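# Summary of the model geometry
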Amino acid sequence: MPLLKIIKYPDPVLQRVSREVTPLASGISTLIEDLEATMRLHGGVGIAAPQVGVLKRIIIVDVGSDKGGHGLLRLLNPKIIYSSGKRKGREGCLSIPEYRANITRSRKVHIEALTPAGKDITIEAKGFEAVVLQHEIDHLEGILFIDRVTDMKRDLFRREPV
Amino acid sequence: MQTFSLSAIGRDQPGIVAAITEPLFKQGCNIEDSSMTILGAEFAVILLMTLPQGVDFASLVKDINEVGKECSLTIDMKEVAAGPREEPTALSNYILTLYGEDSTGLIYKTACLLADEGINITDLETKTARRDDDESGEGRQLYMMMMELYITEATDLKVLTSKLEDLGKELNVSIKLKPIEDYGEL
Ligand SMILES: [Zn+2]
């Protein structure tokens, strides 16, 4: 499984809108595998195809299955069809390693998507998983978490060196 | 280089930011940092600026005061110590919410408690709303306050939580303290 290179901000690719994909089309399953391997290597819990420079609507999310998570999710053409509540949490991004920000997201989301096999699925997510899904779906629209910062002084800061 | 702060408060109207910054622009002042907000119908701005060498300070003050008169703004300008404060402000890591019937001293008493614990308030927002269930005809208001806090490891959270609980009982409001979760790199 070759590892894919993470595209870093301010590469303009990160701000472009990704195209819908056809499940089972050639190259898609390899891309999904490589995306997952890349996410795992970086210790991430989510990744979107544009983060490796591929403008296709594919995301991988895995927050585990305790605390109401769904475990590994490999979603094609995901769409938020319902959202409710608000919660503020601290986010970073593999594509913008220098910054962290406190971002307000919906507490609960319902997602419609296709599985890699082309099956329709609906996912009801809350908490951490809901936040990760919103962050990754934003990537498909070319939206980065820093675009969601409404108060730079209060909510955005340079990450302390680890 | 000298750094000055300029603050202006007055009734909000279109063009107010342009009016205030025009004399600064004309004299070549550099705005280093700024923040503005609107509360009710009132506009407030505070900005820090550095003045270029050889600026005609008297005429700058005169121009700014002229704008103040035209726009009915209360303007204050004074020299401040240059540079950022020594300790950088940290990103808030807790959110405190308070709900209940409005009464005087809610902010004051909460802020005093936090100050005693050495906790930094990084953001404060309040809202009042008429109570839907109000049949008293006294126009009772539901008060909501949201504070963002920076709490260091030196604070004993158990003690803090119980003190906040006591304060909530005393003020007859509900006070909740929640950490801002860190989701990592996504
Ligand atoms: Zn990201």
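Procedures and definitions
Residues numbered from 1 in each chain as written. Chains lettered and ligands numbered in written order. Predicted model: local features only at pLDDT ≥ 70, side-chain atom pairs only at ≥ 80, totals over all residues. Helix = DSSP H or I, 4+ residues; strand = E, 2+ residues; numbered from the N terminus. Rg over C-alpha atoms; globule rule 2.2 N^0.38 Å. Buried ≥ 20, exposed ≤ 12 C-beta atoms within 10 Å, placed from the backbone. Expected span 1.5 Å × (residues − 1). Axes fitted to C-alpha atoms, helices over the stretch in contact; angles between N-to-C directions. Parallel < 35°, antiparallel > 145°, perpendicular 65-115°, else oblique. Left-handed = near helix turned anticlockwise from the far one by under 90°. Contact = placed C-beta atoms within 7 Å.

### Topic: the overall build of chain B
Along chain B, the regular secondary structure elements total four helices and nine strands. The C-alpha radius of gyration of chain B comes to 21 Å, more than 25% above the 16 Å expected for a compact globule of 186 residues. Each principal axis of the C-alpha atoms in chain B carries an extent, and together these give about 60 × 45 × 35 Å. The proportion of buried residues among the 186 residues of chain B is 15%.

### A closer look at helix α2 (residues 127-140) of chain A
Residue and element names in this part refer to chain A. Its 14 residues give α2 an end-to-end C-alpha distance of 21 Å, which sits within 8% of 20 Å, the value for a rise of 1.5 Å per residue. Of all 14 residues in α2, twelve are buried, a share of seventy percent or more. Here α2 has its buried residues at E129, A130, V131, V132, L133, Q134, H135, E136, I137, D138, H139 and L140. G142 lies just past α2 and shows a positive phi near 75 degrees.

### Quick notes on the packing of helix α3 (residues 106-116) of chain B against helix α4 (residues 157-171) of chain B
Residue and element names in this part refer to chain B. Direction vectors running N to C along α3 and α4 enclose 160 degrees, while the axes themselves pass 11 Å from each other. Taken as axis vectors, α3 and α4 run roughly antiparallel relative to one another. Every pair of crossing elements has a handedness; the one defined by α3 and α4 is right-handed. When α3 is examined against α4, the residues L106, K109, T110 and L113 are found in contact with a partner set consisting of K163, L164, L167 and L171.

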